[in-house]
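One letter stands for each residue in the lines below.
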Amino acid sequence: MEPLERVHLTRDCVAMMVPSGQKVLASKDTPVEIMQALGGSFTIKARGHLLRVEGKDSDALGKEPPPKPELPVDASDADVEKMVWEQLKGVFDPEIPINIVELGLVYDVKVEHLPVAGRRVTVNMTLTAPGCGMGGVIASDAHLQIMQIPTVEEAAVELVFDPPWHRDMMSDEAKLATGMF
């Protein structure tokens, strides 16, 4: 197991408690351990609590923000859909180091042209458990990742619970990583 990285926050930043989703202020000079750095966000441990720090605040941890995705000017809807799936691989539950695509949480991606210009992306996804306290955060992360894609002007991420998620929806890699094989 890789040792945890210990840093001190270089500035105040808003963080979110895991798993409640409650926002808190993480203060400058607070010593923290980076537990997970996936998808551009960070799960840290500070004063005995797990917190999630968004990528836009990565500088508070001394880290660079992730690069924005790029598409050719003449990208097709299929190219955009492919990039949506790639961007969704950058969305993680703060407690599970496996992305939502490999977990089998993304059911459907739809790309359509808007009447004037740009595209609208609609994603139907679920959660491993309907009562997940981080569900709204995960859906918001998915929305933010999609909105970074060039030509995407609108995005809707819908949480659905039919069909219910089950472990057979996970990729083999995710099952192996979680010991559920």
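Located above this text is the structure these notes cover.
Rules behind the numbers
- Within every chain, residues take consecutive numbers counted from 1 along the sequence as written.
- In keeping with the predicted nature of the model, local features appear solely for residues at pLDDT of at least 70, side-chain atom pairs appear and are counted solely at 80 or more, and the whole-chain, interface and lining totals rest on all residues.
- To get the side-chain values, take all heavy atoms of the structure and skip hydrogens and water.
- Strands are runs of DSSP state E lasting at least 2 residues, helices are runs of H or I lasting at least 4, and numbering of each runs from the N terminus.
- Using C-alpha atoms as the atom set, the radius of gyration is obtained and then compared with a globule rule of 2.2 Å times the number of residues to the power 0.38.
- Relative accessibility decides the category of a residue: with a 1.4 Å probe and only protein chains considered, values under 20% of the type maximum give buried, values over 50% give exposed, and everything between is partly exposed.
- In this analysis, two residues are considered to be in contact whenever any of their non-hydrogen atoms come within 4.5 Å of each other.
- Throughout, the protein atoms alone are placed on a 1 Å grid, and a set of points is a cavity if a 1.4 Å probe fits but cannot get out or a pocket if it is open with protein on both sides within 12 Å along at least five of seven lines; lining residues have an atom within 4 Å of a point.
- Grid points are joined across faces, edges and corners, and a volume is the space filled by probe spheres set on the points.
- Basically, the charged four are Asp, Glu, Lys and Arg, the nonpolar ten are Ala, Val, Leu, Ile, Met, Phe, Trp, Tyr, Cys and Pro, and anything else, Gly included, counts as polar.
- Should a side-chain nitrogen of Lys or Arg be within 4 Å of a carboxyl oxygen of Asp or Glu, the pair is scored as a salt bridge.
- What makes two strands pair is DSSP finding at least two bridges between them.
- Under this scheme, a helix contributes an axis fitted over its contacting stretch, all axes are lines through C-alpha atoms, and angles between N-to-C directions fall in the 0 to 180 degree range.

Caption draft 1: Spotlight on the overall build of the protein. Counting secondary structure elements, the protein contains 3 helices and 9 strands. When the helices and strands of the protein are listed from N to C terminus, the series reads β-β-β-β-β-β-α-β-β-α-β-α. What you see for the protein is a C-alpha radius of gyration of 17 Å, in line with the 16 Å of a compact globule of 181 residues. Taking all 181 residues of the protein together, 43% fall into the buried category. Sequence separation of 24 or more characterises 53% of the internal contacts of the protein that already satisfy a separation of 6 or more.

Caption draft 2: Structural view of the layout of surface pockets. Reported here for the largest pocket is a volume of approximately 440 Å³. Elements with a minimum of two residues in the lining of the largest pocket: helix H1 (77-88) and helix H2 (135-147). Looking at which element gives the most residues to the lining of the largest pocket, the answer is H2, with 3 residues. A breakdown of the residues in the lining of the largest pocket according to their chemical character gives 7 nonpolar, 8 polar and 6 charged.

Caption draft 3: Expanded view of the pattern of salt bridges. This model, assessed by the stated rule, comprises 10 salt bridges. Between Asp77 and Arg119 there is a salt bridge, with its nearest N and O atoms 2.7 Å apart. Of this pair, Asp77 sits in helix H1 while Arg119 sits in strand E8 (residues 119-125), and the two are 42 residues apart along the sequence. Taken together, the shared-partner salt bridges in this structure form one network comprising Arg11, Lys56, Asp57 and Asp59.

Caption draft 4: Layout of the sheet that holds strand E2 (residues 13-17). Read across the open sheet, the 6 strands follow the order E1-E4-E5-E6-E2-E3; overall the sheet is antiparallel. Among the strands making up the open sheet, the edge pair consists of strand E1 (5-8) and strand E3 (23-26). Within this sheet the neighbouring strands show an average axis-to-axis angle of 40°, counted without direction.

Caption draft 5: Summary view of unusual backbone geometry. With an omega of 10°, the peptide bond running from Val18 to Pro19 counts as cis. Tracing the chain through its elements places Pro19 in the loop between E2 and E3. Omega for the peptide link from Asp162 to Pro163 comes to 5°, which places this bond in the cis form. Relative to the assigned elements, Pro163 resides in the loop between strand E9 (152-159) and helix H3 (172-178). Of note in this structure, Asp29 is not a glycine but carries a positive phi near 75°. Its location among the elements puts Asp29 in the loop between E3 and strand E4 (31-38).

Caption draft 6: Spotlight on the pairing of E3. Sheet analysis places E2 next to E3, joined by 4 bridges and oriented antiparallel. Within E3, the position partnered with Cys13 by the bridge is Ala26. Linking two consecutive strands that pair antiparallel, namely E2 and E3, is a turn of 5 residues; a positive phi of about 85° is found at Gly21 within it.

Caption draft 7: Representation of the sheet that holds E9 in the model. Taken in spatial order, the 3 strands line up as E7-E8-E9 in an open sheet, and their pairing is mixed. Each having just a single partner strand, strand E7 (106-113) and E9 make up the two edges of the open sheet. Neighbouring strand axes in the sheet, compared pairwise and without regard to direction, differ in orientation by 15° on average. Two strands pair when backbone bridges link them, and E8 and E9 are joined in this way by 7 bridges, in the parallel orientation. Among the inter-strand pairings, Arg120 is bridged to a residue of E9, identified as Glu154. Packed on one face of the sheet, H1 meets E7, E8 and E9 and runs near 145° to E7. Most of the contacts of H2 go to E9, to which it runs at about 160°, and overall it touches E8 and E9.

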